[in-house]
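Reading the structure
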Amino acid sequence: MLSALLDLRMRNHRTREHVVAPGPEQNPHQLSLRPAAGLPDRRAAASATFQPDRPPMLSYRHAFHAGNHADVLKHAVLIHLLNYLVQKDKPLWYADTHAGAAIHALDSSAAMKNAEFESGIGRLWSRTDLPVPLGEYLAQVRAVNPGGVLRCYPGSARIAAQMLREKDRLRLFELHSTESRGLQEYFCHAGPRVIVQAGDGFDGLKSLLPPPSRRGLVLIDPSYEDKRDYLRVRDTLRDALQRFATGVYAVWYPVVQRRESHQLPAMLKKLPARNWLHAGLTVKAPSADGYGLHGSGMFVLNPPWTLPGMLRKTLPCLAGVLGQDAHAGYQIESDLS
Ligand code: SAM
């Protein structure tokens, strides 16, 4: 069983739960893992080169990280948001500013390089005792693995496409030419329901807001290989809230040993959104060499009322199953007025 130190404080409408060190759960269902390969963070894997007046050279490829602990957190939250939002009849517009590939083969040389999926989806795959929201997450991953063996991992675009209805709309942005071509091919028969735009998602979002149905979910999931991404996330959200104040906005960010990563939640709390929720999952201690992704977070503006409950059920389990050492833990804080 998870043992947890719970520190729950309530100030006005603001709540904060911070749980540290539940410790890794002994998981009998865990796939056999190879010796812990370092999890390079997104920046280290990308090592982009920038010149002041040129666009960045994009070398980040999500294929190296597909299905890792950060994808588990991000996609479990995304699936909950989509499940909630499709309950209403009115069409939903889903925008993915950094869509990546639709699907990843886990036996590709990229995915196998550090086999990050083994310490992410691999630890959940065979479990039958997970809380309901994680069961819903697993169902979406199972949908791309009909044989019951974990071979593929869906990207956010594919997850949204399989959960949204015919009347809903997907608008996908991807800047990397190989990824955007792949996405365009993948969705070439989807018709007007799915439009893939090869270009900058921060800029592209402006043209979509407000959506015609006035119901929208935006996923902002940059690679952060350019540290300006942190400020662009904030500025994009500020602009988006002016255009469409009632949209649901979900931002993923890495927890790494970088000032910008630690400052991002504080910056986002200052945005003029009516409500926000911040969830963090730490899987291990920061590494001695200063590199590596030891956790990640999701910051959601205008979250549905069901999200705090979902996270309270899910995060203790994820910290236990995905935790790699005694530093594993989670955090939930919100301002829901
Ligand atoms: N959202 C995907 C998922 O959950 O499966 C993963 C996306 S990956 C973390 C980030 C993607 O953003 C990469 O494919 C990268 O090429 C792309 N990218 C980087 N900068 C971008 C930008 N300014 N606009 C659009 N896409 C960008």
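Calculation rules
Residues numbered from 1 in each chain as written. Predicted model: local features only at pLDDT ≥ 70, side-chain atom pairs only at ≥ 80, totals over all residues. Helix = DSSP H or I, 4+ residues; strand = E, 2+ residues; numbered from the N terminus. Contact = placed C-beta atoms within 7 Å. Axes fitted to C-alpha atoms, helices over the stretch in contact; angles between N-to-C directions. Parallel < 35°, antiparallel > 145°, perpendicular 65-115°, else oblique. Left-handed = near helix turned anticlockwise from the far one by under 90°. Nonpolar A, V, L, I, M, F, W, Y, C, P; charged D, E, K, R; others polar. Buried ≥ 20, exposed ≤ 12 C-beta atoms within 10 Å, placed from the backbone. Arc of directions from axis to C-beta. Near = placed C-beta within 6 Å. Pairing = 2+ DSSP bridges. Core = buried A, V, L, I, M, F, W, Y, C linked by C-beta atoms within 7 Å. Expected span 1.5 Å × (residues − 1). Right-handed = clockwise from strand over helix to strand, strands pointing away. pLDDT = per-residue confidence, 0-100.

Looking only at helices and strands, the chain features eleven helices and twelve strands. In the chain, the proportion of contacts linking residues at least 24 apart, taken out of those at least 6 apart, comes to 78%.

What follows concerns the packing of helix α2 (residues 69–85) against helix α6 (residues 156–163). At their nearest, the axes of α2 and α6 sit 11 Å apart, and the two run at 25° to each other. Compared by their axis directions, α2 and α6 come out roughly parallel. When you trace α2 past α6, the crossing you get is right-handed. Contacts between α2 and α6 pair His75, Leu78, Ile79 and Leu82 from the former with Ser156, Ile159, Ala160 and Met163 from the latter. Taken together, the residues of the contact of α2 with α6 sort by class into six nonpolar, two polar and no charged.

Restricting attention to buried positions, one finds in helix α5 (residues 132–142) the residues Pro133, Leu134, Tyr137, Leu138, Gln140 and Val141. An end-on view of α5 places all buried positions within 155° of arc, on one side of the element. Exposed positions of α5 whose direction lies more than 90 degrees from the buried face are Val132 and Ala139. In this fold, the buried residues of α5 make contact with α2, α4 (121–124), β5 (152–154), α6 and α11 (307–322).

This paragraph deals with the site of the ligand. In the vicinity of the ligand, 22 residues are found, and the nearest of them are His98, Gly100, Gly155, Ser156 and His176. Secondary structure elements with two or more residues in the shell around the ligand: β6 (169–174) and α8 (201–204). Split by residue class, the shell around the ligand holds seven nonpolar, nine polar and six charged.

In this section: the packing of helix α9 (residues 228–243) against helix α10 (residues 259–269). Between α9 and α10, whose axes approach to 10 Å, the crossing angle comes to 10°. Taken together, the axes of α9 and α10 are roughly parallel relative to one another. Two packed elements cross with a definite hand, and for α9 against α10 that hand is right-handed. Along its contact with α9, which presents Tyr230, Val233, Arg234 and Leu237, the element α10 presents Glu260, Leu264, Met267 and Leu268. Residue composition of the contact of α9 with α10, grouped by class: six nonpolar, no polar and two charged.

Moving on: the pairing of strand β10 (residues 275–282). β10 sits mainly inside the fold: seven of its eight residues count as buried. Here β10 runs beside strand β12 (residues 329–336); their pairing, made up of eight bridges, is antiparallel. Looking at β12, one finds that Thr282 is bridged to Gly329. Pairing of β10 with strand β11 (residues 295–301) involves seven bridges; the strand directions are antiparallel. By the bridge assignment, Trp276 is partnered in β11 with Leu301.

This part covers the nonpolar core. Residues Tyr249, Ala250, Val251, Val300 and Leu318 are the most contacted members of the largest nonpolar core, which totals 90 residues. For this core, the element with the most residues is α2, which contributes ten residues.

When glycine is set aside, most residues are seen to have a negative phi, and most peptide bonds are trans. Here the residue pair Leu209 and Pro210 is connected by a cis peptide bond, since its omega of 0° sits within 30 degrees of zero. For Pro210, the position within the fold is in the loop between α8 and β8 (216–220).

Here the focus is α9. For α9, which comprises 16 residues, the first-to-last C-alpha distance of 22 Å matches the rise-based estimate of 22 Å (1.5 Å per residue) to within 8%. Among the residues of α9, Asp229, Tyr230, Val233, Thr236, Leu237 and Ala240 are the ones counted as buried. One side of α9 carries all its buried residues, which in axial view fall inside an arc of 125°.

With five bridges connecting them, β6 and strand β7 (residues 194–198) associate as parallel partners. Paired with Glu174 across the strands is Ala198, a residue of β7. In the classification by handedness, the crossover that spans β6, the intervening helix α7 (residues 177–186) and the parallel β7 is right-handed.

Turning to the environment of Ser334, a few remarks are in order. As for its placement among the helices and strands, Ser334 is situated in strand β12. Accessibility expressed as a C-beta count within 10 Å gives 20 for Ser334, which makes it buried. Distance from Ser334 to Asn275, taken between C-alpha atoms, is 7.6 Å for residues 59 residues apart in sequence.

So, on to the confidence of the model for the chain. Residues at a pLDDT of 70 or more form 83% of the chain, whose mean pLDDT is 87. Taken element by element, the predicted model of the chain shows its lowest mean pLDDT in strand β1 (residues 5–11) (29) and its highest in β8 (99). When the criterion is pLDDT under 50, residues 1–13 qualifies, and its contacts beyond four places in sequence or with other chains add up to 20 contacts. Counting interchain partners and residues more than four positions distant, the pLDDT-below-50 stretch residues 25–53 has 59 contacts.

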